[in-house]
Amino acid sequence: QVQLVESGGGLVQTGGSLRLSCAASGSIFSSNSMGWYRQAPGKQRDLVARIISGSNTNYADSVKGRFTISRDSAKNTVYLQMNSLKTEDTAVYYCHAIVDGYHYWGQGTQGTVSS
């Protein structure tokens, strides 16, 4: 019912920035939670950031102070602004949403940080 489409991935140098977008389509309800996960090669998929409401956010310790998650409810879109990028941030980034208790995942977008 719900589809998540990520965009904004790419290749940047250390210290650069990327802005990821996740557009949700389908049946969208007012009660929802959205977030970003990432998976580096050979690593487990880990939570990067999540937003439960317009102001309630959580971040992984490794990205605090550098990444910012936000949501545009009118567009059913969640964003992840990634600044001061490090090579360790290289991963496939996945959008995740919980809508009426159901979990949805996007296909992922590649973010690569080169030295």
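Residues numbered from 1 in each chain as written. Predicted model: local features only at pLDDT ≥ 70, side-chain atom pairs only at ≥ 80, totals over all residues. Heavy atoms only, no water.

Peer 1: Just to check I follow, could you spell out the state of the cysteines for this structure?
Peer 2: Throughout the structure, instances matching the rule amount to one disulfide. With a sulfur-sulfur separation of 2.0 Å, Cys 22 is cross-linked through a disulfide to Cys 95. Taking the sign of the S-S torsion, about -85° here, the bridge from Cys 22 to Cys 95 comes out left-handed. Within this pair, whereas Cys 22 is found in strand E3 (residues 18-26), its partner Cys 95 is found in strand E9 (residues 91-99), the two being separated by 73 residues in sequence. For the pair Cys 22 and Cys 95, a shared accessibility class is recorded, and that class is buried. (Disulfide = S-S within 2.5 Å. Helix = DSSP H or I, 4+ residues; strand = E, 2+ residues; numbered from the N terminus. Buried < 20%, exposed > 50% of the residue type's maximum accessible area, 1.4 Å probe, protein only.)

Peer 1: Got a minute to help me understand the sheet that holds E3 in this structure?
Peer 2: The strands making up a sheet associate through backbone hydrogen bonding, with each pair oriented either parallel or antiparallel. Pairing is antiparallel across the open sheet formed by four strands, whose spatial order is E1-E3-E8-E7. Looking at the sheet topology across the chains shown, the edges are occupied by strand E1 (2-7) and strand E7 (67-72). Averaged over neighbouring strand pairs, the angle between their axes works out to 15° when direction is ignored. Where E3 meets strand E8 (residues 77-82), six bridges bridge the pair, whose relative direction is antiparallel. Each residue of the ladder has a partner; that of Ala 23, found in E8, is Thr 77. (Pairing = 2+ DSSP bridges. Axes fitted to C-alpha atoms, helices over the stretch in contact; angles between N-to-C directions.)

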